[in-house]
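Chains, contacts and geometry: an overview
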Amino acid sequence: MSKFRDLVIGTALVSTLAAAPALAQQFGLGRAALPEEIAAWDMDVAPDGTGLPAGSGSVEDGEMLFSENCAVCHGEFAEGVDNWPKLAGGDGTLDHDDPLKTVGSYWPYLSTVWDYVHRSMPFGGAQSLSTDEVYAITAYILYSNYLVDDDFVLSNENFLDVEMPNAGGFIVDDRDQSEAHFWTAEPCMENCKDTVEITMRAAVLDVTPEEVSEAEATAKAELKAAAEKQQTAPIAMPDPALVAAGERVFRQCSSCHQIGEGAVHRVGPQLNGVVGRQVGQAEGFNYSPGVKKAAEEGMIWDHATLDAYLESPRAVIPKGRMSFQGLRSEEDREAVIAYLRNYN
Amino acid sequence: MTDQSQPSTTRRGFLKAGLATGGAIAAGGAAQAAQEPDPLITEIQPWAQGLGDGVDATPYGLPIEYESDVIRRNVEWLTADTISSINFTPIHALDGTITPQGCAFERHHSGAIELRKEDYRLMINGLVDRPLIFTYADLERFPRENRVYFCECAANSGMEWAGAQLNGAQFTHGMIHNMEYSGVPLRTLLEEAGVKPEGKWVYVEGADASSNGRSIPLEKAMDDVLVAFKANGEALRKEHGYPVRLVVPGWEGNMWVKWLRRVEVTTQAIESREETSKYTDTLADGTSRKWTWVMDAKSVITSPSPQSPVTHGPGPLVITGLAWSGRGAITRVDVSIDGGKTWQIARLAQEGQDKALSRFYLDINWDGSEMFLQSRAIDSTGYVQPTKTQLREVRGLNSIYHNNGIQTWWVNANGEAENVEIS
């Protein structure tokens, strides 16, 4: 083959021949992929519906599922919490100064929503939703964008009938044409402009992160030492600095949990006295079946269990309703545990 | 902090000390005679008398503590959490072109997972004659290539579309790294499976929860895309996709799928989340460009820069920076010290390499007056890096991605530098 290639290089035929199927070398490596394996991994859904499994889900079911699985980050009405993505709203803002890009205002294909919810959501619990649940949540997201009515049921049958408002809002990369003037023959080298005036300064805006100072580094090391102490001697009162650090980390928990004097149940139970007691014991809170089961099995919120639960709630209580993705940082978990212990 | 014999472990401490010394030298002008003998020379120092660490003190070496400020940094307000987030390479403190893995920027969509080689599987399926599964050990048996490529996040400099925001080259331009990859051409694996004539695209995805799927035209997949398992000679770091990632030369970093687990040959683009709701560029009229894969030619002066001020006063000064293009090699870099009134051709440390970082230098004799430093890259296709004004004229302010406009550092007479925009 190489001989043949050498022969034609330099002739006008090269480009035509290169487009023909290559006579590739086979190495005989790897093994055949089994149908079950392909089915397990090949789950992408294309805009024309290729790959979409049979199933259906209603806006009504989707509202409940969204509240349980998605609202902690995306808000009850898909309006977004803090910096987490907003999934609804923004209609007509794409040509504004600060466009709001949501499923309703921006996403061109419904397949993308279904595919992404199916494979990657909820955050920290990917692929835990059934096919029908994904249809229901997708239907609810459409509803939250006023694209369907509250009695709508989305299915593989009517999937392609849904019109996405910004479907026609995209063009294929045209930089070669629209920016052809950036390919300039010879850029200016001398007397390119008369004056240079500062029009904007980053220091005035002042949003650059500060590096860690020595004092902060020392404080961090002390916290780490206190956390290690807590692990080896969990009976002692928590270190005040660790409790203070935990209070900061607990802000992530506080949208669902209250603690301290006057704490009441919200999305999650109030957490006074939780450390050391049996799971699922906050009076008057309607626990999920997963937590109830753990309670029946005698699970105790000791240091090790709390630590594992805070790292990955679903790993400890798989059917629990806490849709928090977990605290990756051991320091953060130790700090929160210290903070919780402070209210025992 | 004033005791100069004590090494400072923080950058700010170092800068303060350096600026103080620089000021003193500056007052004296050119090289001056020492006022009194230097105790570092006249007194026997502990390191010249006692013993250092033995071998194996650190079985895998880390930078010495005095370099502890040369680290990746995150901009907290950018993202909701650090699991789906990005940090920045400390390009202001590096030289040469190869980025050490340990400080090369990270971008995760669902966190950096830990996947053992033994548990690694790569599936090739879709429009192929033989859907195949490869283990890591299988991949090691295919003929391998070594190539140096830059990987730039499409959002690099994205915070600067509306004006100067972040004060440091690390933050404005640090979503980039440049490594030597060892791996198997994707073409080899696709040919092993046999691509059917109707196959026009490949859809690639990772093994993490986000999967980060992207569609790539078959033409590119059969051209220079690598299935890489080593970077800079050693295993990929977990944060860069250990044990196997995709390398898509010249194209936006999001397509360099980490923990690569599947390549599907398809007739069409899948239009995943990462190629519709993200990594598309909204223009002023509200329409958006999609499939903007190639990274335009771009450059930045890494020193002097806000995190790397001039500490030595007037006299010889090394101005240096990085340039790159997703369309080919860098052929020339121009540098201006007067905000673009006049330009000089900088010296390339070596001939520009295809889709890899180039290091440039301009060695000047600084007179101590303020400077507006700019650099302008030109690539092998004749593309000239535009000004931010030129870019905004075409794209408006809402593109987020692909901001390759010319950066300006304002260096004042004290040698301090700031990110500014100028007329």
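Here is what the cut-offs are and how they apply
- Residues numbered from 1 in each chain as written.
- Chains lettered and ligands numbered in written order.
- Predicted model: local features only at pLDDT ≥ 70, side-chain atom pairs only at ≥ 80, totals over all residues.
- UniProt positions renumbered as here; feature names shortened; annotations may be inferred.
- Helix = DSSP H or I, 4+ residues; strand = E, 2+ residues; numbered from the N terminus.
- pLDDT = per-residue confidence, 0-100.
- Contact = placed C-beta atoms within 7 Å.
- Axes fitted to C-alpha atoms, helices over the stretch in contact; angles between N-to-C directions.
- Parallel < 35°, antiparallel > 145°, perpendicular 65-115°, else oblique.
- Left-handed = near helix turned anticlockwise from the far one by under 90°.
- Nonpolar A, V, L, I, M, F, W, Y, C, P; charged D, E, K, R; others polar.
- Pairing = 2+ DSSP bridges.
- Buried ≥ 20, exposed ≤ 12 C-beta atoms within 10 Å, placed from the backbone.
- Arc of directions from axis to C-beta.
- Domains from an automatic or database assignment.
- Core = buried A, V, L, I, M, F, W, Y, C linked by C-beta atoms within 7 Å.
- Expected span 1.5 Å × (residues − 1).

Chain B carries the name Sulfur dehydrogenase subunit SoxC in an unreviewed UniProt entry, which gives Rhodovulum bhavnagarense as its organism. Checking UniProt for chain B, the heading Cofactor (unreviewed entry) contains the comment "Mo-molybdopterin".

As named in an unreviewed UniProt entry, chain A is Sulfur dehydrogenase subunit SoxD, taken from Rhodovulum bhavnagarense.

Looking now at the UniProt feature "domain: Oxidoreductase molybdopterin-binding" (unreviewed entry) in chain B. Mapped onto this numbering, the UniProt entry annotates "domain: Oxidoreductase molybdopterin-binding" (unreviewed entry) at residues 115-270 of chain B. With 13% helix and 36% strand, residues 115-270 of chain B has end C-alpha atoms that lie 26 Å from one another.

Residues and elements named next belong to chain B. In this model, chain B carries an average pLDDT of 93, and 92% of its residues clear a pLDDT of 70 or more. This model gives residues 1-14 a pLDDT under 50, and the stretch forms 19 contacts once residues within four places in sequence are excluded. Here residues 20-29 is modelled with pLDDT under 50, and outside its nearest four sequence neighbours on either side it reaches eleven contacts, counting other chains as well. Reported confidences for the modelled complex are a pTM of 0.81 and an ipTM of 0.91.

The description of two packed helices rests on the angle between their axes and on the distance between the axes. Residue and element names in this part refer to chain A. For the pair helix H13 (residues 303-311) and helix H15 (residues 330-341), interaxial distance at closest approach is 10 Å and the crossing angle is 125 degrees. Put simply, H13 runs oblique to H15. For the pair H13 and H15, the crossing hand works out as right-handed. Contact residues: His303, Leu306, Asp307, Leu310 and Glu311 in H13; Arg333, Val336 and Ile337 in H15. Split into classes, the residues belonging to the contact of H13 with H15 amount to four nonpolar, one polar and three charged.

Averaged over every residue, the pLDDT of chain A is 87; residues scoring 70 or more account for 90%. This model gives residues 1-22 of chain A a pLDDT under 50, and the stretch forms six contacts once residues within four places in sequence are excluded.

Right, let's talk about the interface of chain A and chain B for a bit. Tallying the contact residues gives 70 residues for chain A and 82 residues for chain B. Those elements that provide at least two residues to the side of chain A that touches chain B are strand S1 (31-32), helix H3 (35-41), helix H6 (110-120), strand S4 (170-172), helix H8 (175-178), strand S5 (198-201) and helix H9 (202-205) of chain A. Ranked by the residues each element gives to the side of chain A that touches chain B, the list is headed by H6 of chain A, at six residues. Its residues placed into classes, the side of chain A that touches chain B shows 35 nonpolar, 15 polar and 20 charged. Alignment of S4 of chain A against strand S15 (residues 288-290) of chain B, held across three bridges, turns out to be parallel. Within S15 of chain B, the position partnered with Phe170 of chain A by the bridge is Ser288 of chain B.

Two residues of an α-helix separated by three or four positions point the same way, owing to the 3.6 residues in each turn. All names here are of chain A. Buried residues of H13: Leu306, Tyr309 and Leu310, and no others. Buried residues along H13 cover an arc of 95 degrees about the axis, so they all sit on one side. Turning to H13, the residues buried within the fold contact helix H14 (313-316) and H15.

Take the domain arrangement of chain A next. Think of interface size as the accessible area that goes away when the parts come together; that is how it is often given. Residue and element names in this part refer to chain A. Parsing chain A into structural domains produces domain 1 (42-161) and domain 2 (221-341). Distance from the C-alpha centre of domain 1 to the C-alpha centre of domain 2: 31 Å. Residue-level contacts link eight residues of domain 1 with eight residues of domain 2.

We now examine the nonpolar core. In summary, soluble globular proteins display a tendency toward joint burial of nonpolar side chains. One finds Ile137 of chain A together with Val227, Leu246 and Val247 of chain B to be the most contacted residues of the largest nonpolar core, which totals 142 residues. The element best represented in this core is helix H7 (residues 131-144) of chain A, accounting for nine residues. When neighbours within four sequence positions are excluded, Val247 of chain B is seen to be in contact with Tyr149, Tyr181, Gly183, Val225, Leu226, Ala228 and Trp256 of chain B. Formed by 25 residues, the second largest nonpolar core is a distinct cluster that contains Val279, Leu306, Ile337 and Ala338 of chain A.

Okay, the sheet that holds strand S23 (residues 408-411) of chain B next. Pairing within the open sheet is antiparallel, and its six strands lie in the order S5(A)-S24(B)-S23(B)-S22(B)-S18(B)-S19(B). If you trace the sheet from one side to the other, it starts and ends with S5 of chain A together with strand S19 (344-345) of chain B, each paired once. Relative to strand S24 (residues 417-422) of chain B, S23 of chain B runs antiparallel, the two sharing four bridges. Bridged to Thr408 of chain B within S24 of chain B is Val420 of chain B.

Under the present numbering, the feature "domain: Moybdenum cofactor oxidoreductase dimerisation" (unreviewed entry) in UniProt falls on residues 289-407 of chain B. With 7% helix and 39% strand, residues 289-407 of chain B has its two end C-alpha atoms placed 24 Å apart.

With that out of the way, let us pick up the UniProt feature "domain: Cytochrome c" (unreviewed entry) in chain A. Residue and element names in this part refer to chain A. Residues given the UniProt feature "domain: Cytochrome c" (unreviewed entry) here are residues 57-145 and 241-344. Each end of residues 57-145 is marked by a C-alpha atom, and these two atoms are 17 Å apart; helix forms 45% of the span and strand 2%. Secondary structure within residues 241-344 divides into 40% helix and 0% strand; the distance between the first and last C-alpha atoms comes to 17 Å.

Now for the sheet that holds S15 of chain B. Pairing is mixed in the open sheet, where three strands are placed in the order S4(A)-S15(B)-S14(B). Two strands close off the open sheet at either side, each with one partner strand: S4 of chain A together with strand S14 (281-282) of chain B. The sheet contact formed by S14 of chain B and S15 of chain B spans two bridges and is antiparallel. Residue pairing across strands places Thr282 of chain B opposite Ser288 of chain B, the latter belonging to S15 of chain B.

The next thing to look at is the pairing of strand S4 (residues 121-126) of chain B. All names here are of chain B. Counting buried positions along S4 yields five of six residues, so the element is predominantly enclosed. When S4 meets strand S5 (residues 132-135), the two strands line up antiparallel, connected through four bridges. Counted as the bridge partner of Arg121 is Thr135 from S5. Linking S4 to S5, which pair antiparallel, is a turn of five residues.

Right, let's talk about H7 of chain A for a bit. All names here are of chain A. When the terminal C-alpha atoms of H7 are compared, their 20 Å separation across 14 residues agrees well with the 20 Å that a helix rising 1.5 Å per residue should span. Among the residues of H7, those classed as buried are Glu133, Val134, Tyr135, Ala136, Ile137, Thr138, Ala139, Tyr140, Ile141, Leu142, Tyr143 and Ser144. Contacts made by the buried residues of H7 are with strand S2 (56-58), helix H4 (59-69), H6 and strand S3 (153-155). Once H7 finishes, Tyr146 follows within two positions and takes phi at roughly 60 degrees, a positive value.

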